[in-house]
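Now for the letters of each chain:
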Amino acid sequence: MTHLSRAGLLRLVAAAPLALGLTAPAARTASAAPGGAGADAERAVAEARRASGADPLGLLRRCVAGPVLLPTDAEYATEAAGFEVAHTPAPRLVVGATRAEDVRAAVVYALAVGAEVRVQATGHGLEDDLRDTVLVTTRRLGGVSVDPKARTATIGAGVRWREVLDAAAPHGLAPLLGSASAVGAVGYSLGGGTGLLSRQHGWAADAVRSLDVVTGDGRLRTADAKRDAELHWALRGGKSGLGVVTRAVVDLVPVTRMRGGAVFFAAADAAAVLHAWRRWAPTLPREAATSVALLALPPSLQLPPPLSGKQVVSVRFSHTGDPAAADALVAPVRTWAPVLLDSVQELPFTASDAVHTDPTDPAPTVNGGTGLRELPAAAVDALLAAAGPGSGSPLVAVELRLMGGALSEAPEVPDAVIGRGAAYSLWGLGIVAGPAGAQARPALDRMVASVGRWACPGPLNLAGGGRRDDLRTPEQRKRLEKARRRFDPAGVIG
Ligand SMILES: Cc1cc2nc3c(=O)[nH]c(=O)nc-3n(C[C@H](O)[C@H](O)[C@H](O)COP(=O)(O)OP(=O)(O)OC[C@H]3O[C@@H](n4cnc5c(N)ncnc54)[C@H](O)[C@@H]3O)c2cc1C
């Protein structure tokens, strides 16, 4: 193997999927039959081993243009680190992908050595320590190009929403990002993706036109409504266990400005504010988004004095329609209790982070939540008893988000998103370091259990706990499992 030139090695890796015998559509269809997937998996592994020869790591190093880092390498820890620092990533090795071919080489290597492939763009969604995996980092897969006529953006897998926002804005367009523009556009979209524009324009996953993806069989495919349509369905909302996306084309929407911000109240007024919010929120039109959050804010010079170090209730509001209509809609909020601070104002849409003001510094946290079919008074009371002020809950954020509108509707091109039946989503966040660190997870569980009577599947991105196939209907789970067996027969993609 080692006598081959670099070009020869690249050709070998490029040819590996062919050698895996997985390219013939007939063979792939057969793999979906009971027993077929196992045979395909064995073949995939055997052929990857043969392609990699006696020195899979040597082959990987020669084929990958980006860094290949082992735990003994100085840059390893920095390359593997992400925004979530509750876990210290300890993969077997890290491949810093610079192009789709690097990702293919990583997948073939993982097949050959029997390791799982995991992907990281920003680490906002890191949920374990990645032990014994092959970690593909996508941050070098950059680039955003906007097609103003088609109203689309073509984005590299490592791109954060901030870059898409900034590239789209000069054309009067915006992407369907979430509450924080530092989140990765691809990971967010694969998990569904609910943000300020979603009640009007739907899930971010619905807006994904096409995906370039290296599937678990080592092939680079383009999945859209016509080509590999089942993969296109599965990735958009299915998120994990299929492949590593290298590039995506997403729809943009015509938005340039908003009325947006938050009205803050003291935690002592939490009951009055939450009950008022639950009556007011469902009356809002689609161009409005809102959430209410119980927040334990840290002492910080960056926070205005009325908020620094305080427990507060924050009513977030945004509206992209007529400004006068927005002002009339938000006015009643200011009467619910004495206002500590009111930041609702006219903003360029590029400043949409100002609505939720999510933390921008890494912290060791655990988070999760559920969808809610409805939010009667009893549900608010139960939530306040479990996680409200005076409950002893160590959670630093407990958020109710209004869903509905386009989030409840079927998309033009079907996908594997879950949570369309939720009228609200409930999400909590706890710090897992310090004296109360061990109590964060149980407190999160208590928060979710408190509203169990009204619960239904909510956004996958906000559910916590990884894949969460338990939230899917049996039909959706079956279809997704079938897609995973077909595109990742050896189950190499985590
Ligand atoms: C501060 C903050 C605010 C948030 N706000 C929202 C919100 O408003 N709405 C919402 O829906 N979610 C929100 N989230 C959740 C967020 O969408 C998920 O955590 C998402 O997975 C983050 O994606 P990432 O790529 O940035 O993170 P990463 O940790 O890099 O990736 C997370 C996962 O995404 C998948 N993934 C990433 N890139 C690829 C790829 N190229 N190919 C295949 N799979 C890939 C993998 O499964 C990976 O494990 C928020 C999270 C944080 C921390």
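Residues numbered from 1 in each chain as written. Predicted model: local features only at pLDDT ≥ 70, side-chain atom pairs only at ≥ 80, totals over all residues.

**Description of the site of the ligand**
The following threshold applies: Using a C-beta atom placed from the backbone for every residue, we mark a residue as near a molecule or strand if that atom lies within 6 Å of it. What counts as a helix is a DSSP run of H or I of at least four residues, what counts as a strand is a run of E of at least two, and both are numbered from the N terminus. Residue classes follow a fixed rule: Ala, Val, Leu, Ile, Met, Phe, Trp, Tyr, Cys and Pro count as nonpolar, while Asp, Glu, Lys and Arg count as charged, and any other residue, Gly among them, counts as polar. Domain ranges listed in this record stem from an automatic or a database domain assignment.
In the vicinity of the ligand, 33 residues are found, and the nearest of them are Gly 125, Gly 178, Gly 184, Gly 187 and Asn 461. Among the elements of the structure, β3 (116-120), α8 (185-190) and β9 (243-251) are those that each provide at least two residues to the shell around the ligand. Looking at the shell around the ligand, the element that brings in the most residues is α8, giving four residues. Partitioned by chemical class, the residues of the shell around the ligand number 13 nonpolar, 18 polar and two charged. Here the shell around the ligand spans two domains, and each of domain 1 (1-255 + 467-494) and domain 2 (257-466) adds at least three residues to it.

**Regarding unusual backbone geometry**
Although it is not a glycine, Thr 357 adopts a positive phi angle of roughly 40°. For Thr 357, the location among the structural elements is in the loop between α13 (353-356) and β15 (365-372).

**Regarding the pairing of strand β7 (residues 208-215)**
Filter applied, for reference: Burial is judged by counting the other C-beta atoms within 10 Å of a residue's own C-beta: 20 or more makes it buried, 12 or fewer makes it exposed, and any count in between marks it as partly exposed, with every C-beta position built from the backbone. Pairing between strands requires that DSSP locate at least two bridges from one strand to the other.
Extensive coverage of β7 is indicated by the burial of six of its eight residues. The pairing of β7 with β9 spans seven bridges and is antiparallel. Bridge pairing in β9 places Thr 215 opposite Gly 243. Pairing geometry for β7 and strand β8 (residues 220-223), over four bridges, is antiparallel. The residue of β8 that forms the bridge with Asp 212 is Thr 222.

**Thoughts on the domain arrangement of the chain**
Stated formally: Residues are scored as being in contact if the C-beta atoms we place from backbone atoms lie within 7 Å.
Domain parsing of the chain yields domain 1 (1-255 + 467-494) and domain 2 (257-466). Placing the centre of domain 1 and that of domain 2 at their C-alpha centroids yields a distance of 30 Å. Listed as interface residues are 41 residues of domain 1 and, on the opposing side, 40 residues of domain 2. Secondary-structure elements contributing two or more residues to the side of domain 1 that touches domain 2 are α7 (161-168), α9 (198-201), α10 (229-238) and α16 (474-487). Examining the composition of the side of domain 1 that touches domain 2, we find that five residues originate from one element, α10, more than from any other. Among the residues forming the side of domain 1 that touches domain 2, the class breakdown is 18 nonpolar, 13 polar and ten charged.

**Some remarks on α10**
Extensive coverage of α10 is indicated by the burial of eight of its ten residues. All buried positions along α10 are accounted for by Leu 231, His 232, Trp 233, Ala 234, Leu 235, Arg 236, Gly 237 and Gly 238. As for α10, its buried residues are in contact with α8, β7, β8, β9 and α16. In the segment just after α10, Lys 239 is the residue with positive phi, at about 65°.

**Quick notes on the nonpolar core**
Inclusion rule: Residues of type Ala, Val, Leu, Ile, Met, Phe, Trp, Tyr and Cys that are buried and joined through C-beta atoms within 7 Å form what is called a nonpolar core.
Counting 143 residues, the largest nonpolar core has Ala 106, Val 107, Val 136, Val 244 and Leu 395 as the members making the most contacts within it. Counting residues per element, this core draws most heavily on helix α6 (residues 100-113), at nine residues. Lining this core are residues from two domains, each supplying at least three of them: domain 1 (1-255 + 467-494) and domain 2 (257-466). In this view, Leu 395 contacts Ala 387, Gly 428, Leu 429, Gly 430, Ala 440, Ala 443, Leu 444 and Met 447; residues no more than four positions away in its chain are not counted.

**Digging into the sheet that holds β7**
What counts is decided by this rule: Axis angles are defined between N-to-C directions and span 0 to 180 degrees, where every axis is a line fitted to C-alpha atoms and, for a helix, only to the segment in contact.
Pairing is antiparallel across the open sheet formed by five strands, whose spatial order is β5-β6-β9-β7-β8. Of all the strands in the sheet, just β5 (144-147) and β8 have a single pairing partner and so form its edges. Mean inter-strand twist for the sheet, computed between neighbouring axes without regard to direction, equals 15°. Of the strand pairs in this sheet, strand β6 (residues 152-156) and β9 are connected by five bridges, and their pairing is antiparallel. Following the sheet pairing, Thr 152 is matched in β9 by Asp 251. Along the sheet face, α7 touches β5 and β6 and points at about 35° away from the line of β5.

**Focus: the sheet that holds strand β4 (residues 133-137)**
Pairing is mixed across the open sheet formed by four strands, whose spatial order is β1-β2-β4-β3. Each edge of the open sheet carries a strand with a single partner, namely β1 (68-69) and β3. This element, α6, spans β2 (93-96), β3 and β4 of the sheet and lies at about 175° to β4.

**Let's talk about α7**
Our working rule: Directions pointing from the helix axis toward each C-beta atom define the arc.
Restricting attention to buried positions, one finds in α7 the residues Trp 161, Val 164, Leu 165 and Ala 168. Around the axis of α7, the buried residues are gathered within 100° of arc, so they sit on the same side. Tucked inside the fold, the buried residues of α7 contact β5, β6 and α8.

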